[in-house]
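Chain residues, written in single-letter form:
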Amino acid sequence: GAGVSQTPSNKVTEKGKYVELRCDPISGHTALYWYRQSLGQGPEFLIYFQGTGAADDSGLPNDRFFAVRPEGSVSTLKIQRTERGDSAVYLCASSEGPNTEAFFGQGTRLTVV
Amino acid sequence: EDQVTQSPEALRLQEGESSSLNCSYTVSGLRGLFWYRQDPGKGPEFLFTLYSAGEEKEKERLKATLTKKESFLHITAPKPEDSATYLCAVQASSVGAQKLVFGQGTRLTINP
């Protein structure tokens, strides 16, 4: 597609449930990033993939968060046992490769009730 | 620890009233400084990358400049459609570092 696509746009889930957020990067982009943005704040880094491998997962807050990119294209961010504090906009970005500008999707707004 | 601070947090201008947004940063070694624009409910939209002190880039009414400690986003004769949150981010030059460290943004409102 023309840009980074994220689904769903909005997700409401109950505390304790499991959620998956999907990201379709720009075709041909080898680098993919996940960020989290709380209201009134800048995006906060979660994880970076180069190809299929997670090159940097230092931003994942705890072991409830996990992300995969099995074929080097689509990525899924998985959150187990969701907590109210996980409520935020989850942003995905992709770039042609390392050290090139990243282009963001519109985000998935996650609300944990 | 890499850090980015943007000021002011919010800025209201009249249409045509030029101003500047500030981005102060500390980073172990700078690979690049990025400016993004973010509209409500949307993801950040890429504007500029600056790589070294003294570099300048322009796009329409926006001009970004870079020194060793800060970057400015100058807005000349703004229009209401320039209203948005402007985000600044840095990328460190250390091996393997790819993440962007963002500031909290400046919320700009241009009144007609």
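Residues numbered from 1 in each chain as written. Chains lettered and ligands numbered in written order. Predicted model: local features only at pLDDT ≥ 70, side-chain atom pairs only at ≥ 80, totals over all residues. Heavy atoms only, no water.

Details of the side chain of Asp82 of chain B
Residues and elements named next belong to chain B.
- Tracing the backbone through its elements, the reader meets Asp82 in the loop between β8 (70–75) and β9 (84–92).
- Judged by relative accessible area, which is 7%, Asp82 ranks as buried.
- Once residues within four sequence positions are removed from consideration, Asp82 is found in contact with Arg37, Arg61, Leu108 and Ile110. (Helix = DSSP H or I, 4+ residues; strand = E, 2+ residues; numbered from the N terminus. Buried < 20%, exposed > 50% of the residue type's maximum accessible area, 1.4 Å probe, protein only. Contact = heavy atoms within 4.5 Å.)

Side note on the nonpolar core
- With 26 residues, the main nonpolar core has Leu33, Trp35, Leu73 and Tyr86 of chain B as its most contacted residues.
- Secondary structure elements with two or more residues in this core: β2 (10–14), β3 (19–26), β4 (30–38), β5 (45–50), β7 (62–66), β8, β9 and β11 (106–111) of chain B.
- The dominant element in this core, judged by the number of residues it contributes, is β9 of chain B, at five residues.
- The next biggest cluster of nonpolar side chains, apart from the first, holds 20 residues, and it includes Val4, Cys23, Ile26 and Leu60 of chain A. (Core = buried A, V, L, I, M, F, W, Y, C linked by side-chain atoms within 4.5 Å.)

Topic: the sheet that holds strand β7 (residues 65–68) of chain A
Residues and elements named next belong to chain A.
- One open sheet accounts for four strands, arranged β1-β3-β8-β7; its pairing is antiparallel. Bordering the open sheet on either side are β1 (5–7) and β7, each of which pairs with just one other strand. Along the sheet, successive strands turn relative to each other by an average axial angle of 15°, direction set aside.
- Pairing analysis gives three bridges linking β1 to strand β3 (residues 19–24), with the strands arranged antiparallel. Paired with Thr7 across the two strands is Arg22, which belongs to β3. (Pairing = 2+ DSSP bridges. Axes fitted to C-alpha atoms, helices over the stretch in contact; angles between N-to-C directions.)

Some points on the pairing of strand β8 (residues 75–79) of chain A
All names here are of chain A.
- With four of five residues buried, β8 lies mostly within the body of the structure.
- Relative to β8, β3 is paired through five bridges, and the arrangement is antiparallel. Its bridge partner lying in β8, Leu21 is registered against Leu77.
- Both β7 and β8 contribute to a ladder of four bridges, which runs antiparallel.

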